[in-house]
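In case you want the letters, here they are:
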Amino acid sequence: MGEKLIGRTDELDRLRAAISAVDDGGVLAVITGDAGIGKSALVDEAAAVARADGFLELRCAGTQSEAPSGFAALHELLHPVLGRAAALPPRQRQALLGAFGIEENPAPERLMVNLAVLGLLEELAADRKVVVVVEDLQWLDRSTSDAIAFVARRLGPSRLLMLVTSRGDELDALRSASTLQLALGPLPEDAAARLLDDVAGSLSRPVKDRVLREAAGNPLALTELSRVVADEVPGGSALPEFLPTTRRLERAFLDQVAGLPPASRTLLVLAAVDQALSVDELFAAGQALGAGPEAFDAVERSGVVEVRQGVIRFRHPLMRSVVHGAASTSERRGSHRALSAVIGDPVRSVWHRAAAAFAADEQLAADLETAAADAGLRGAQAEASALFDRAAALSPDPGQRGRRLAASAENARRAGLTREAVRAVERALPLAGNAGVAVQLASTEIVSTLMAGLPLRSETTVPDLLRRLAQGDAEERVVLLWAAAVQLALRPQRSGNRQLLLDELDSVELERRNPLQQIALALLDPEGRAPHLRDQLPTLLPPAVTDPRVLLTVGLAAERMQDLATAQAGLLAGYHHLRGTGGTADEAHLLAWLACARVLTGSVLDGIADAALAERMATDLGLTSVATAAAASGALGHAWRGDAAETARAVERTRSQPADLAWTSTVARSNWAVGVLALQQRRFRDAWIVLNDLSMDPTTRLWALGDLAEAAVRSGKTAETAEVVAVAEKEAAAFGSAHLWMLVHRSHAVLGGDDPAERFEAAVEQAQDCPAVLEVARTRLAYGEWLRRERRIAAAREQLAAAHHLFDRCGARLWTERAAAELRAAGVTPAGVREPCGDVSFTPQEFQIMRLAAAGLTNKEIADQIYLSHRTVAAHLYKVFPKLGITSRGQLVEALSRLSDESPS
């Protein structure tokens, strides 16, 4: 055991156990503690044990670098094995190599890069156990830390061991069921004494006692303080005054470098201002400052730095901090200037130029902007944001400063740094010199706050911008009005600017039809604009329209117009179109909405699977509102299937976000799911209470009308509910929606209004054009029940059999049972109920993989489509084949057709 591991026997034993456990699945070990406490020594020893056991070791370390360098540590980790990237699915391989600048590919999405890292590590682990060592997590570049956290949460069955060290408590993203937490504290007194004897046995006992007290059990302090005492004072008879441990270490390190020649100190300062410095770069910059290579000899002898794989590394991060802090401002600026002239990497070079600058400089700002754009093209949006921000700070022109801050904000949003994006917007708004920048800022802020669930800013923001744009470009005004309309549709404010926005939209005169204007009007005034706009929404789909903003919101507008068929078509078309051209955030957003539409149109299992995928993607991207919306869609699907446990879990996830920050549709659909399940469980009063309180979202309120009516009849609330149905009838007339008319007619009939038979017949007639399959089944069930009570048995059997068939096909178990009971009461033995595909033995993810595999997609194609590693896809198929009673992919189509009428797509 190394000298610094004295007193760490228990911790090392626990890491040995973790190494042995890797044969049963991935393990994450997180080692935390103060500077110098022995984290690196413990990890090095554990890594040596793993290597001896046949592990492949991959390693990277965070550095206190001022220059934002996207994926720098990730490249350090993976560059020895990048040859294996050829085994990855195409989109994942392109994303990873594009992030490293090895291939010129379209800007990779963060989620796709992270998946590629996971896939590559799983590929390696299939051949040989792998230990991934990540030192100083707190200093990793943001892009790398995101990738490490992503992998750490998905170790699963892979033979991967991750050893991560960090000083702080910023480890929530790494928490997982397989995490081993080791918090290193000071060494026990006896262990500290043994270590001191090993490193400074010649010191006198009084001096040793003083060093032990001053070091307070910190191994690095014991080593360094004893060295300083022995070097400075023979016998160590004098010691500095008492200081906190870190300050004592800094004093000790300063003493170590104080005696170096000036040229050697110059080289040290150069190394301190760039932690990725190669030996060649150090010597070239040193020559420019009058410090030749020979000056490095004294630096090496001091033990402050070491050379690893041609790169200069400080032996401990505190040493770098001390050297950097002790240098004068002019020394640091001179070092930055010298390095900018010799470093070939354009990003690092321009960052050093910026660090040396003391005044605004447009050329330098423009060069930083170029570097930022390059970082963005490699998918390093967090680093691009930092570069744009620095470019803004060096911009002499306020308009240029605002434009670059706007770019910084948008890149921060795309990187998932939502709060940073909003702060950048706030700084940029006063500087926005033209309409385009102002609109971009408003759009970035609205999308950021909506997707991530942050508080909205003052309601005066949009009116203020509209006044600024009063004489501006009409198209720009429409974009701003569209963004504000989307905001109001998803999270209505207390007073709102609805009428103001409508007036502004009506006043805009354009030479040609603008889809964003039409969508904004549909969102703000769906009932009033339905006669003019409802029939136009189907024309706003690909290939006629490909604007991502339109594709993201046309489905929402169609929902507001009570056109479920166009809503589903728009969401599906947008999803497929944006998969190749948009971002993963857009995909997650569309999937969350598409999941609900699929459930309502009878593809319940597809809807649940889409909801699960959208929730997983949104969670990874930090899009809280999208994740909870997806959970609400999933809750509705589980409720229709009668799965109380899964419904409750999904509803609970929707409530993890404060209601005032969630989309109103999320709150309403989550409550609707609770009401649907309560109806099936015959808890009618509970159902009515929940369903009568959906006014926060007008679309969901209308969709749940039939459920409310049934709950009302069973709980004595017919009078109150009849008034609600009467209002809905007027809305049905305005929208001309077969879906809504069917619900209105059914509700009137169920509530016992005038001529129920006529109302039921009207509802069944409207059902012919209604895409909401489950509601069609409910309508036929209600009509069949009424007919049976009226002793019109033959007619009842026809309606009940149709309802039973539809419920069975959709996998709505409790509704199927209810229809079967009604059929038996009508003297008919129900047809055999199919075993629903996706029953408790199949997860939504397994069902989705089965469908895609049955459609002929390879594991790698499936992995690219649903954001998994290809080995995870293979593992899922390996588990589902025995459940289906098959042994090959070729049997999947037949197996799925036996289980469900839903054909793979």
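Just so you know, these numbers come straight off a predicted model, no measurement behind them.

Conventions we followed
Residues numbered from 1 in each chain as written. Predicted model: local features only at pLDDT ≥ 70, side-chain atom pairs only at ≥ 80, totals over all residues. Heavy atoms only, no water. Helix = DSSP H or I, 4+ residues; strand = E, 2+ residues; numbered from the N terminus. Rg over C-alpha atoms; globule rule 2.2 N^0.38 Å. Buried < 20%, exposed > 50% of the residue type's maximum accessible area, 1.4 Å probe, protein only. Contact = heavy atoms within 4.5 Å. Areas by Shrake-Rupley, 256 points an atom, 1.4 Å probe, with all protein chains shown as cover. Expected span 1.5 Å × (residues − 1). Arc of directions from axis to C-beta. Core = buried A, V, L, I, M, F, W, Y, C linked by side-chain atoms within 4.5 Å. Phe/Tyr/Trp six-rings, centres within 6.5 Å; stacked < 30°, edge-to-face > 60°. Pairing = 2+ DSSP bridges. Polar contact = N/O pair within 3.5 Å; in protein donor to acceptor, adjacent residues only side chain to side chain. Disulfide = S-S within 2.5 Å. Axes fitted to C-alpha atoms, helices over the stretch in contact; angles between N-to-C directions. Parallel < 35°, antiparallel > 145°, perpendicular 65-115°, else oblique. Left-handed = near helix turned anticlockwise from the far one by under 90°. Nonpolar A, V, L, I, M, F, W, Y, C, P; charged D, E, K, R; others polar. Salt bridge = Lys/Arg side-chain N within 4 Å of Asp/Glu carboxyl O.

Enquirer: Would you explain the overall build of the chain in this entry?
Expert: Along the chain, the regular secondary structure elements total 46 helices and 7 strands. Since a compact globule built from 905 residues should have a radius of gyration of about 29 Å, the 33 Å found for the chain is in line with a globular shape. Across its three principal directions, the C-alpha atoms of the chain cover 110 × 65 × 50 Å. Out of the 905 residues belonging to the chain, those deemed buried represent 58%. Long-range pairs, those at least 24 residues apart, make up 70% of the contacts in the chain with a sequence separation of at least 6. For the chain, the computed accessible surface area is about 35000 Å², with 51% contributed by carbon and sulfur atoms.

Enquirer: What should I look at first to understand helix H45 (residues 870-884) in this one?
Expert: At 3.6 residues per turn, the α-helix brings residues three or four places apart onto the same side. Between its terminal C-alpha atoms H45 stretches 21 Å, which fits the 21 Å expected from 15 residues at 1.5 Å a residue. Following H45 by one or two positions, Gly 885 has its phi on the positive side, about 75°.

Enquirer: Whenever I open this one, helix H34 (residues 684-691) confuses me. Can you help?
Expert: Three or more residues of H34 are buried, namely Phe 684, Ala 687, Trp 688 and Leu 691. Each buried residue of H34 lies within a common arc of 95° when the element is viewed along its axis, so the set occupies one face. Taken together, the buried residues of H34 touch helix H33 (664-680), helix H36 (705-715) and helix H37 (718-735).

Enquirer: Looking at this structure, I do not really get unusual backbone geometry. What am I missing?
Expert: Trans is the common state for peptide bonds, and a negative phi is the common state for residues other than glycine. Between Pro 542 and the following residue, Pro 543, the backbone shows a cis peptide bond with an omega angle of 0°. For Pro 543, the position within the fold is in the loop between helix H26 (526-533) and helix H27 (548-560). Within the chain, Gln 562 stands out as a residue other than glycine whose phi angle is a positive 60°. Locating Gln 562 in the fold gives a position in the loop between H27 and helix H28 (564-581). Judged by its relative accessible area of 2%, Gln 562 falls in the buried class. You will see that Arg 682, though not glycine, has its phi angle at about 65°, which is positive.

Enquirer: Help me out: how do you make sense of the nonpolar core in this one?
Expert: What tends to happen in soluble globular proteins is that the nonpolar side chains get buried as a cluster. In terms of nonpolar packing, the biggest core is built from 232 residues, with Leu 74, Leu 78, Leu 96, Leu 121, Trp 672 and Phe 807 touching the most fellow members. The element contributing the most residues to this core is helix H23 (residues 474-490), with 12 residues. Residues Ala 35, Phe 253, Leu 260 and Val 269 belong to the second largest nonpolar core, which totals 33 residues.

Enquirer: How should the packing of aromatic side chains be read in this particular structure?
Expert: Each pair of aromatic rings is reported with the distance of its centres and the angle of its planes. The tally for this structure, following the rule as stated, stands at 8 aromatic pairs. Judged by centre distance (6.0 Å) and plane angle (40°), the ring pair of Trp 640 and Trp 815 falls under tilted. Here the residue Trp 640 occupies a position in helix H31 (residues 624-640), and Trp 815 occupies one in helix H42 (residues 813-825), the gap between them amounting to 175 residues. Of the two residues, Trp 640 and Trp 815, both sit in the buried class. An angle of 25° between the planes, with centres 5.8 Å apart, marks the rings of Phe 807 and Trp 815 as stacked.

Enquirer: What is the right way to read the pairing of strand S1 (residues 27-32) from this model?
Expert: Strand residues, when the strand is regular, have side chains that alternate between the two faces of the sheet. Across the 6 residues that make up S1, a large majority, 6, are buried. Judged by which residues are buried, S1 turns out to be covered on both faces: Val 27, Ala 29 and Ile 31 on one side and Leu 28, Val 30 and Thr 32 on the other are all buried. For S1 and strand S4 (residues 160-166), the ladder comprises 6 bridges, and the chain directions are parallel. Paired with Ile 31 across the strands is Thr 165, a residue of S4.

Enquirer: Which parts of the structure should I look at to understand the environment of Met 112?
Expert: As for its placement among the helices and strands, Met 112 is situated in helix H5 (residues 110-127). C-alpha of Met 112 to C-alpha of Gln 94: the two residues are 18 residues apart in sequence and 9.1 Å apart in space. If sequence neighbours within four positions are ignored, Met 112 has contacts with Arg 91, Gln 92, Ala 95, Asp 864 and Tyr 867.

Enquirer: Is there a simple way to explain the side chain of Asp 620 in this structure?
Expert: As for its placement among the helices and strands, Asp 620 is situated in helix H30 (residues 604-621). Only 3.4 Å separates the side chain of Asp 620 from the side chain of Arg 153, close enough to count as a polar contact. Setting aside its immediate chain neighbours within four residues, Asp 620 contacts Arg 110, Leu 111, Phe 150, Arg 153 and Arg 154.

Enquirer: Just checking my understanding: could you explain the state of the cysteines for this structure?
Expert: Put plainly, a disulfide is one covalent bond tying together the sulfur atoms of two cysteines. Per the stated rule, a full pass over the model turns up 0 disulfides. As a non-bridged cysteine, Cys 810 has Cys 770 as the owner of its nearest cysteine sulfur, 12 Å distant. Note on Cys 810: relative accessible area 1%, which makes it buried.

Enquirer: Looking at this structure, how should I read the packing of helix H7 (residues 189-199) against helix H8 (residues 205-215)?
Expert: Helix packing for two helices is described by the angle between their axes and how far apart those axes are. The interhelical angle for the contact between H7 and H8, taken along N-to-C directions, is 125°, at an axis separation of 11 Å. With respect to their mutual orientation, H7 and H8 come out oblique. As for the relative orientation of H7 and H8, their crossing is right-handed in sense. Where H7 approaches H8, its residues Ala 192, Ala 193, Leu 196 and Asp 197 are matched on the opposing element by Arg 205, Lys 208, Val 211 and Leu 212. Within the contact of H7 with H8, the residues separate by chemical class into 5 nonpolar, no polar and 3 charged.

Enquirer: I tried to follow the pattern of salt bridges on my own but got confused; where do I start?
Expert: Two side chains carrying opposite charge are able to pair once their charged atoms lie near each other. One pass over the structure, following the stated rule, counts 50 salt bridges. A salt bridge links Arg 477 to Glu 504, with the shortest nitrogen-to-oxygen separation between them at 2.2 Å. With Arg 477 in helix H23 and Glu 504 in helix H24 (residues 498-507), this pair connects stretches of sequence that are 27 residues apart. There is no split in this pair, since Arg 477 and Glu 504 are both buried. Connected via shared salt-bridge partners are Asp 44, Arg 51, Glu 57, Arg 59 and Glu 135.

Enquirer: Looking at this structure, how should I read the sheet that holds strand S2 (residues 56-61)?
Expert: Each strand in a sheet pairs with another by means of backbone hydrogen bonds, the pair being arranged parallel or else antiparallel. Pairing in this open sheet of 5 strands is parallel, and the strands run S2-S3-S4-S1-S5 from one edge to the other. The open sheet has two edge strands, S2 and strand S5 (179-183), and neither has a second partner. Going from strand to strand, the sheet's axes swing by 15° on average, the running direction of each strand aside. Bridging between strand S3 (residues 130-135) and S4 involves 5 bridges; their strand directions are parallel. The partner of Val 131 across the bridge, within S4, is Leu 161.

Enquirer: Would you mind showing me how to read the environment of Ala 569 here?
Expert: Looking at where Ala 569 falls in the secondary structure, it is placed in helix H28. Residue class for Ala 569 comes out partly exposed when judged on its relative accessible area of 34%. Remark: the alpha-carbon pair of Ala 569 and Gln 891, spanning 322 residues in sequence, is separated by 30 Å.

Enquirer: Where do I start with the packing of H23 against H27 in this structure?
Expert: Remark: H23 packs on H27, axes separated minimally by 12 Å, with the N-to-C direction vectors making an angle of 45°. Relative to H27, H23 is oriented oblique. Between H23 and H27 lies a crossing of left-handed hand. Across from Val 479, Trp 482, Val 486, Ala 489 and Leu 490 in H23, the residues of H27 making contact are Arg 549, Thr 553, Leu 556 and Arg 560.

Enquirer: Help me understand the side chain of Asp 136, please; the structure alone is not making it clear to me.
Expert: Within the secondary structure, Asp 136 is located in the loop between S3 and helix H6 (142-152). Among the residues examined, Asp 136 registers a relative accessible area of 12% and is labelled buried. Ignoring sequence-local partners within four residues, the contact set of Asp 136 consists of Gly 62, Thr 165 and Pro 317.

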